[in-house]
Amino acid sequence: MKKIALFAFGLILVFSCSKEDPNEIIDPTSDFSQSQELLSKKVINDYIESQLRQHGDVNWMEAPDDILYSAVMHGDKVLSVGFGNEGESFSIEKSSRLIDAKKNILNIVRSSEDISKSDGIVYDYDVLNAIDVQISDIETIRALKSANQIRYLDPLGYESFLLNDDEIQPKSFGCDRGGITINSQDYRVISPNSWLPWSFDIHKVPQAWNYSTGAGITIGLIDTGISSNQNLLGSGFNDGFSTGRTVQRFGTFDGSDSDQCGHGTSMASAMASPRNDDGMPVGVAYNANLVAYRGTGDVLLESSRERRGVSNALRQLGDRSDVRIISMSIGYLWSIGSIKDAVRYAHNRGKLIIAAGGTSTGFTNWYPVIFPASMSETVAVTGIKDNGYNRCSNCHSGRQIDFTIVMQRASNNDRTVPVVGFNTNDRNVVGGSSVATATTAGIAALVWARNPNLSRDQVLDKLRRAGEFYPNRNRRYGYGNIDALKAVQ
């Protein structure tokens, strides 16, 4: 099975293993000793699992001091601090209260860490009310917890929850740069020699094209970037029936704007690949503009660089007046404060933020919708099979899901949605809630292009009204499958 279909969102494998005695019983909610001694990753992970099972999230502000401290130290020793009142995620101009709150954080860090020449700041988020600081002393944790105007404390670089104790480098979750031969039943050829993915017919995308092809609408994609080796998402973006549009690439993760994973390339294809004459798969909004950010190395936001990269991408897309839709087929098991702040920033600027509900092999039996799709400011999407409302083999579902997209054959889990491959002239397939999210972003672009004067909420209302369950809402699948034709009419 293609890994990109199995792990399209990448919350994969089992909980971290430990070299400790496997028979040791640890109560993750017990009152841990408050010494400077580091707790093991197993103890931290047991606590994380207990919080996820009980609350569906981890509030690190409420974690025992040793748990938070040890998570920071087992990461890259960076603590992300959100300041201000509850819900005060950003401010263009800082009030004196916010300025004082930030100064107080720095005073605490300087005092506890005995920093004389450096201010202790690793990264300043500027408009977002957050800073990242480097710490080494548990007393810094204790002092910040007791300070006023602190919204969150996150161990920004802790990435060992899904890794074994002896693993250093994270896996490339959701990545696939290969090409395959597509089943002839999973596409049909349309003019001027494009391949129409089988799933598009189910959602009446071809009929919707009689009204809208996404022209004039710009979609922002935050993912692993776009492959520089795929011509149809580069210099060939205007090919066949796709004309007069632009594709732009930026990088906030490691300085590069080029995909090294393959996931972002697949998402870009599903939402906006040109209606080409090369015998390659077409995207939903084949005349929409695309702004692609390489904000992460893979789909699982486990490192501080990825989390900061996604936050910055959201901030920059939020500032662009031409971008109306932001698609995010990425995320994590618990909320990340700086990304949550950035989502709220972009949402405040009228962006329609569509996020993947989650695709995994280790959590679908008990974990519902992952972050940031779990936020009220995002539109959560998951994938289902073509035999009724049966979620895809590894897709998450739950009360926070807003829409579903058919993207997997019930007869064969390997048969998902055809997309252009990592390299020119290659084809691939992609599945999970990832491609469901990209497809929904494309449909939203069709709706907005047909109704360019509508607000974000009005476009979302049209999508809801085009949902199979509307005016009702299913407890696991939201408004259900979107009828693209109905949405644009």
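Residues numbered from 1 in each chain as written. Predicted model: local features only at pLDDT ≥ 70, side-chain atom pairs only at ≥ 80, totals over all residues. Heavy atoms only, no water.

## Looking at the overall build of the chain
The helix and strand tally for the chain stands at 13 helices and 15 strands. A separation threshold of at least 6 residues defines the contact pool for the chain, and within that pool the share at least 24 residues apart is 77%. (Helix = DSSP H or I, 4+ residues; strand = E, 2+ residues; numbered from the N terminus. Contact = heavy atoms within 4.5 Å.)

## Let's talk about the state of the cysteines
Following the criterion strictly, the structure yields two disulfides and no others. Covalently, cysteine 175 is tied to cysteine 261 through a disulfide, its sulfur atoms 2.1 Å apart. Residues cysteine 175 and cysteine 261 are joined through a disulfide that is left-handed, its torsion about the S-S bond being -110°. Of this pair, cysteine 175 sits in the loop between strand S4 (150-155) and strand S5 (187-190) while cysteine 261 sits in the loop between strand S8 (247-251) and helix H8 (263-272), placing them 86 residues apart in sequence. The pair cysteine 175 / cysteine 261 is uniform in exposure class, with both members buried. Here cysteine 392 engages in a disulfide with cysteine 395; their sulfurs sit 1.9 Å apart. Between cysteine 392 and cysteine 395, the S-S torsion sits near 90°, and that sign places the bridge as right-handed. Just as cysteine 392 is buried, cysteine 395 falls in that class too. Take the cysteines of the chain that form disulfides and number them in order along the sequence; they join up as 1-2, 3-4. (Disulfide = S-S within 2.5 Å. Buried < 20%, exposed > 50% of the residue type's maximum accessible area, 1.4 Å probe, protein only.)

## Describing the pairing of strand S14 (residues 417-420)
Across the two faces of S14 the burial is the same, with Val417 and Val419 and Pro418 and Val420 all buried. In this sheet, strand S15 (residues 427-430) lies alongside S14 in antiparallel orientation, the contact comprising four bridges. Each residue of the ladder has a partner; that of valine 419, found in S15, is asparagine 428. (Pairing = 2+ DSSP bridges.)

## Observations concerning the side chain of arginine 245
Following the sequence through the fold, arginine 245 ends up in the loop between strand S7 (218-223) and S8. Buried and without a salt bridge, arginine 245 has aspartate 239 as its closest oppositely charged side chain, separated by 8.7 Å. Looking at arginine 245, its side chain comes within polar contact range of the main-chain oxygen of phenylalanine 237, at 3.0 Å. Those residues in contact with arginine 245, other than ones at most four positions away along the chain, are Phe237, Asn238, Ala272, Ser273, Pro274, Ala285, Tyr286, Asn287, Ala288 and Asn289. (Lys, Arg positive; Asp, Glu negative; His and termini not counted. Salt bridge = Lys/Arg side-chain N within 4 Å of Asp/Glu carboxyl O. Polar contact = N/O pair within 3.5 Å; in protein donor to acceptor, adjacent residues only side chain to side chain.)

## Examining the sheet that holds strand S3 (residues 130-134)
Strand order in the open sheet formed by four strands is S2-S3-S1-S4, with antiparallel pairing between adjacent strands. What marks the edges here is a single partner per strand, and that holds for strand S2 (121-124) and S4. Between one strand axis and the next, the sheet turns through 20° on average, direction left out of account. Bridge count for strand S1 (residues 78-83) against S4 is five bridges, and the pairing is antiparallel. Across the sheet, glycine 82 pairs through a bridge with tyrosine 152, a residue of S4. The sheet contacts of helix H5 (residues 138-146) involve S1 and S4, and relative to S4 the element is tilted by about 155°. In the packing of helix H10 (residues 337-348) onto the sheet, the strands contacted are S1, S3 and S4, and the crossing angle to S4 comes to about 130°. (Axes fitted to C-alpha atoms, helices over the stretch in contact; angles between N-to-C directions.)

## Observations regarding the packing of helix H3 (residues 65-74) against H5
For any two helices packed against each other, the geometry is given by the interaxial angle and the distance between the axes. At a closest axis distance of 9 Å, the pairing of H3 and H5 adopts a crossing angle of 125°. It follows that H3 is oblique to H5 by the angle criterion. The element H3 and its partner H5 pack so that their crossing is right-handed. Residues Asp65, Asp66, Leu68 and Tyr69 of H3 touch H5, and the partners they reach there are Ile138, Ile141, Arg142 and Lys145. (Parallel < 35°, antiparallel > 145°, perpendicular 65-115°, else oblique. Left-handed = near helix turned anticlockwise from the far one by under 90°.)

## Comments concerning the packing of aromatic side chains
The final tally for this structure, using the stated rule, is 13 aromatic pairs. Here the aromatic cluster, defined as three or more aromatic residues joined through ring pairs, consists of Trp60, Phe161, Tyr332 and Trp334. Geometry around tryptophan 198 places arginine 409 over its ring, the cationic atom sitting 4.0 Å from the centre. Its guanidinium or amino end placed over the ring of tryptophan 195, arginine 427 lies 4.0 Å from that ring's centre, counting from NZ or CZ. (Phe/Tyr/Trp six-rings, centres within 6.5 Å; stacked < 30°, edge-to-face > 60°. Lys NZ or Arg CZ within 6 Å of the ring centre and 35° of its normal.)

## Topic: the nonpolar core
Ranked by internal contacts, the top residues of the largest apolar core, which has 73 residues, are Trp60, Leu79, Leu314 and Trp334. Sequence-distant contacts of leucine 79, defined by excluding residues within four places in its chain, comprise Leu68, Val72, Ile131, Asp132, Val133, Ile135, Ile141, Leu144, Leu153, Asp154 and Pro155. (Core = buried A, V, L, I, M, F, W, Y, C linked by side-chain atoms within 4.5 Å.)

## Description of the packing of H8 against helix H11 (residues 432-450)
Their axes nearest at 8 Å, the elements H8 and H11 cross at an angle of 35°. For H8 against H11, the interelement crossing comes out right-handed. In contact with His263, Met267, Ala270 and Met271 of H8, H11 contributes Ser434, Val435, Ala438, Ala441 and Gly442.

## Some remarks on the sheet that holds strand S11 (residues 352-356)
Spatially, the seven strands line up as an open sheet ordered S8-S9-S7-S10-S11-S12-S13, and their pairing is parallel. The open sheet has two free edges, formed respectively by S8 and strand S13 (401-408), since each of these has just one partner strand. Within this sheet the neighbouring strands show an average axis-to-axis angle of 25°, counted without direction.

## Concerning the side chain of threonine 265
Relative to the helices and strands, threonine 265 resides in helix H8. With a relative accessible area of 1%, threonine 265 lands in the buried category. Discounting chain neighbours no more than four positions away, the residues touching threonine 265 are Gly225, Ile226, Ser227, Gln230, Leu233, Asp259, Gly421 and Phe422.

## Some details on the pattern of salt bridges
Summed over all chains, the structure comprises 21 salt bridges. Note that aspartate 132 is salt-bridged to arginine 308, the shortest N-O span being 2.8 Å. Here aspartate 132 is found in strand S3, whereas its partner arginine 308 is found in helix H9 (residues 304-318), with 176 residues between them in sequence. The residues aspartate 132 and arginine 308 share a single accessibility class, namely buried. A salt bridge links arginine 151 to aspartate 341; the shortest N-O distance between them is 2.9 Å. On the criterion of sequence distance, the pair formed by arginine 151 in strand S4 and aspartate 341 in helix H10 is long-range, its members being 190 residues apart. Each member of the pair, arginine 151 as well as aspartate 341, carries the same accessibility label: buried. Linked through salt bridges whose partners overlap, the residues forming this network are Asp65, Glu139, Arg142 and Lys145.

Functional significance is not addressed by these values, which are geometric in nature.
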